[in-house]
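Here are the chains, one letter per residue:
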Amino acid sequence: MNVASVVIPAHNEASVLSSTLQRIADDPLAPALEVAVVANACTDDTADIARAFLPSVPGLVVVETEVPGKANALNLGDEAVSAFPRIYLDADIVLGPDALGGMVDALAVDAPVAGSPDIEFDLDGADRWVREYYRMFERLPYVTDDLVGLGVYGLSEAGRGRFDEFPDVLADDLYIQRLFTPQERVRTPGRFAVRTPRRWRELVKVRTRVDRGNAQLATTTEPGAGFERTSGASVKALARALAVQPGLLPAATVYVGTTIAARVRSRLSDDYSWGRDESTRQPADGAAPAGAGAQAVPDAAAPVPIEGVPFTRQTEAEVVDTVFDALAGQRGGRIVTPNVDILQAVRRKPELRRLVRTADLVVADGMPIVWASRLRGTPLPERVSGADLVWSLAERAAEEGRSVYLLGGRPGVAQRAGRTFTERFPGLRIVGHDSPEWGFEHSPDAMRALIARLTDAGPDLVYLALGFPKQDLVAATLAQHLPQTWFLGCGGALDMVAGEVERASGAAQKLGAEWIVRLLQEPRRLARRYLLDDAPYAASLLTRSTLDGVTGVSKG
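Since the structure is predicted, the reported quantities are computational estimates derived from the model, not experimental observations.

(A) Summary view of the overall build of the protein. Each helix and strand counted, the protein has 23 helices and 16 strands in total. Surface accessibility of the protein: about 25200 Å² in total, with carbon and sulfur atoms responsible for 53%.

Listed below in structure tokens is the structure:
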């Protein structure tokens, strides 16, 4: 006869599940337990690792589902087991030697009760700020008096009868806790360990999830149902603790600051997915844990999202290598070079966002974007402008005997730019230049003629100096007909190459002051755009990015 059941929701927990299940397998109660591991929406070896424990835990069942979400996993686990008391255990929690038996004994009663063992926080590898936070946190009533959860809780059979299914909420442990009066919550024998985040930024992410869960319960349940926020009790506890022990002031300051940062971060994002701190699932040295798979370590080449635009994390030299490696494989593509002005347009118009997001390479043509990425903690290696790429791509094309077609600019500009390129790079082949009439992109006949000219020329690279979004809309159309060609939208770069416009010095470019030089060159045309639109937007972007970097939230 089974004396209890354990439900373990597990989403990509290959790196931690073995320790959790091994502790259950080592317990004297293991032969009399029903254990359901629910591998939900896993892309790693979670289910296989669980099945490896079938010989040592006879009552183990492994449930696999493609549906994500902890609530769904808990409900599926409930369906797979029948014994009581019922224990709900997060896959990264390691129970102490007496914790499992202590819960079973304490909850094997007829009364409706809920309970958890004592908690201890594993601060191994945590930084100073995380340690100070938990020095205060472990003294609060939620931990000292009211705790039911933080990774494990158990219910008697009558206690499980308090509700039907687990609701789709983030804070399932708080939901359970508030269903029971203080007299119905029991502290069971034994202990369990919770691994804390290692860095303050990860701590803010964890506390943001908690804040979202608390807010969700407070706003989706009936008033008076016990799910209101309890910030007042925490404030009073802080005051009492400081009165007795003034030396806790640094810890209290970190606690309050972290709570505020998490609250702000929670308000800035509407993501209610089941988040977690991945750093607790890696060894202290940051290496991928055994069995964790490649997903345990972030991809250093992953795009950097800013304002919904996925910027390519490559230097200018790496972009050139990417283009010519693709050409060697007879594959073409599109390069888009957003600056602050383009980011604004993309933010306002979803169709332009789709145009940029579908490009093969998206590079930051503006220092404010690079600064924003650094402030967010996801730094782009450098600015990669269209005005620079036209030269570096042309130089490599000359070395490899590749060809370039120049499209755009006022009449004569493309021809003069072509002569400048070939003077600088004698091996470069300019196979065509075109200054199409205004509005040509709306004329089917004009577009067919342009496609025919490009098809006949067969260029490896096409520079489109038509301005955003026209150049990138045209490039997207042309790419469908020339799949082995690379297209670069380069704005006014051909005017600079042709000598029509003087480019700012290298020092001004590095300082992000190139726009000032352009403004002085063309004040009538650019004053409104740069001073009334771009400058305030850039300031707003940098301010929001600073806040994102501090709180750890990134809206993209």
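(B) Here's a closer look at the sheet that holds strand β13 (residues 403–408). Strand order in the open sheet formed by six strands is β12-β11-β16-β15-β13-β14, and the pairing between neighbours is parallel. What marks the edges here is a single partner per strand, and that holds for β12 (361–362) and β14 (429–434). In terms of strand pairing, strand β15 (residues 461–465) meets strand β16 (residues 486–489) through four bridges, oriented parallel. Bridging from a neighbouring strand, Y463 pairs with L488 of β16. Its contacts with the sheet place helix α17 (residues 413–424) against β13, β14 and β15, and it is angled at close to 165° to β14.

(C) How the structure looks around the packing of aromatic side chains. Tallied over the entire structure, the rule returns 13 aromatic pairs. On the numbers, 5.8 Å between centres and 55° between planes, the contact of F121 with F137 is tilted. Within this pair, whereas F121 is found in strand β6 (residues 114–122), its partner F137 is found in helix α5 (residues 128–137), the two being separated by 16 residues in sequence. Where F421 meets Y463, the ring centres are 5.9 Å apart and the plane angle is 65°; that geometry is what we call edge-to-face. Taken together, the residues span a long stretch of sequence, with F421 in helix α17 and Y463 in strand β15 at a distance of 42 residues. As far as the burial class goes, F421 and Y463 line up, both buried. Over the aromatic face of W391 sits the side chain of R424, whose NZ or CZ is 4.3 Å from the ring centroid. Positioned above the aromatic ring of W438 is the side chain of K470, whose terminal nitrogen or guanidinium carbon lies 4.0 Å from the ring centre.

(D) A look at the side chain of R207. Along the chain, R207 turns up in helix α9 (residues 200–220). For R207, a relative accessible area of 17% gives the class buried. Among the polar contacts listed, one links the side chain of R207 to the side chain of Y133, at a separation of 3.0 Å. Apart from residues lying up to four places away in sequence, R207 is in contact with Y133, F137, T258 and A262.

(E) Unusual backbone geometry, seen in detail. F84 connects to P85 through a cis peptide bond whose omega is 5°. Note that P85 resides in the loop between α3 (70–80) and β4 (86–89). Phi angles above zero are rare outside glycine, and A41 is one such case at about 55°. Within the secondary structure, A41 sits in the loop between β2 (33–40) and α2 (46–51). A relative accessible area of 22% places A41 in the partly exposed class. Phi angles above zero are rare outside glycine, and E307 is one such case at about 55°. Along the polypeptide, E307 turns up in the loop between β9 (304–306) and β10 (309–311). What makes E307 buried here is its relative accessible area of 8%.

(F) Structural context of the environment of S392. If you trace the backbone, S392 turns up in helix α16 (residues 386–400). The sequence separation of S392 and E316 amounts to 76 residues, and the corresponding C-alpha distance is 8.1 Å. Non-local contacts of S392, meaning those with residues more than four positions away in its chain, are made with E316 and V320.

(G) Structural view of the pairing of β16. The alternating pattern of β16 places W486 and L488 on one face and F487 and G489 on the opposite face, and all of these are buried. With respect to chirality, the unit in which β15 leads through helix α19 (residues 470–481) into the neighbouring parallel β16 is right-handed.

(H) Local environment of the environment of R199. Looking at the secondary structure, you find R199 in the loop between β8 (185–195) and α9. R199 gets classed as partly exposed once you look at its relative accessible area, which sits at 42%. Not counting residues up to four positions away in its chain, the partners in contact with R199 are G125, A126, D127 and V130.

(I) Fine view of helix α4 (residues 99–107). The element α4 is largely enclosed, with a buried count of seven among its nine residues. By the burial criterion, the buried members of α4 are A99, L100, G101, G102, M103, V104 and L107.

(J) Structural view of the environment of R354. Locating R354 in the fold gives a position in helix α14 (residues 350–357). By relative accessible area, R354 is classed as exposed at 53%. Along the primary structure R354 and G308 are separated by 46 residues, whereas in three dimensions their C-alpha atoms are 9.5 Å apart.

(K) Layout of the sheet that holds strand β3 (residues 60–65). Pairing is mixed across the open sheet formed by eight strands, whose spatial order is β3-β2-β1-β4-β7-β6-β8-β5. A single partner strand is all that each edge strand has here, and the edge strands are β3 and β5 (94–95). Alignment of β5 against β8, held across two bridges, turns out to be antiparallel. Directly across from V94, in β8, lies its bridge partner A193. α3 contacts β1 (4–10), β2, β3, β4 and β7 (152–155) of the sheet and is inclined by roughly 145° relative to β2.

(L) Fine view of the packing of helix α12 (residues 316–328) against α16. Remark: α12 packs on α16, axes separated minimally by 10 Å, with the N-to-C direction vectors making an angle of 45°. Considered as vectors, α12 and α16 are oriented oblique to each other. Two packed elements cross with a definite hand, and for α12 against α16 that hand is right-handed. Touching E316, V319, V320, D321, V323 and F324 of α12 are D388, L389, S392, L393, R396, A397 and E400, all from α16.

(M) Region of interest: the pattern of salt bridges. One pass over the structure, following the stated rule, counts 19 salt bridges. Its salt-bridge partner being E441, residue K470 comes within 3.8 Å of it at the nearest N-O pair. Of this pair, K470 sits in helix α19 while E441 is found in the loop between β14 and α18 (444–457), placing the two residues 29 residues apart along the sequence. For K470, a relative accessible area of 15% gives the class buried.

Cut-offs applied
Residues numbered from 1 in each chain as written. Predicted model: local features only at pLDDT ≥ 70, side-chain atom pairs only at ≥ 80, totals over all residues. Heavy atoms only, no water. Helix = DSSP H or I, 4+ residues; strand = E, 2+ residues; numbered from the N terminus. Areas by Shrake-Rupley, 256 points an atom, 1.4 Å probe, with all protein chains shown as cover. Pairing = 2+ DSSP bridges. Contact = heavy atoms within 4.5 Å. Axes fitted to C-alpha atoms, helices over the stretch in contact; angles between N-to-C directions. Phe/Tyr/Trp six-rings, centres within 6.5 Å; stacked < 30°, edge-to-face > 60°. Buried < 20%, exposed > 50% of the residue type's maximum accessible area, 1.4 Å probe, protein only. Lys NZ or Arg CZ within 6 Å of the ring centre and 35° of its normal. Polar contact = N/O pair within 3.5 Å; in protein donor to acceptor, adjacent residues only side chain to side chain. Right-handed = clockwise from strand over helix to strand, strands pointing away. Parallel < 35°, antiparallel > 145°, perpendicular 65-115°, else oblique. Left-handed = near helix turned anticlockwise from the far one by under 90°. Salt bridge = Lys/Arg side-chain N within 4 Å of Asp/Glu carboxyl O.

By themselves, these figures tell us nothing about what the structure is for.
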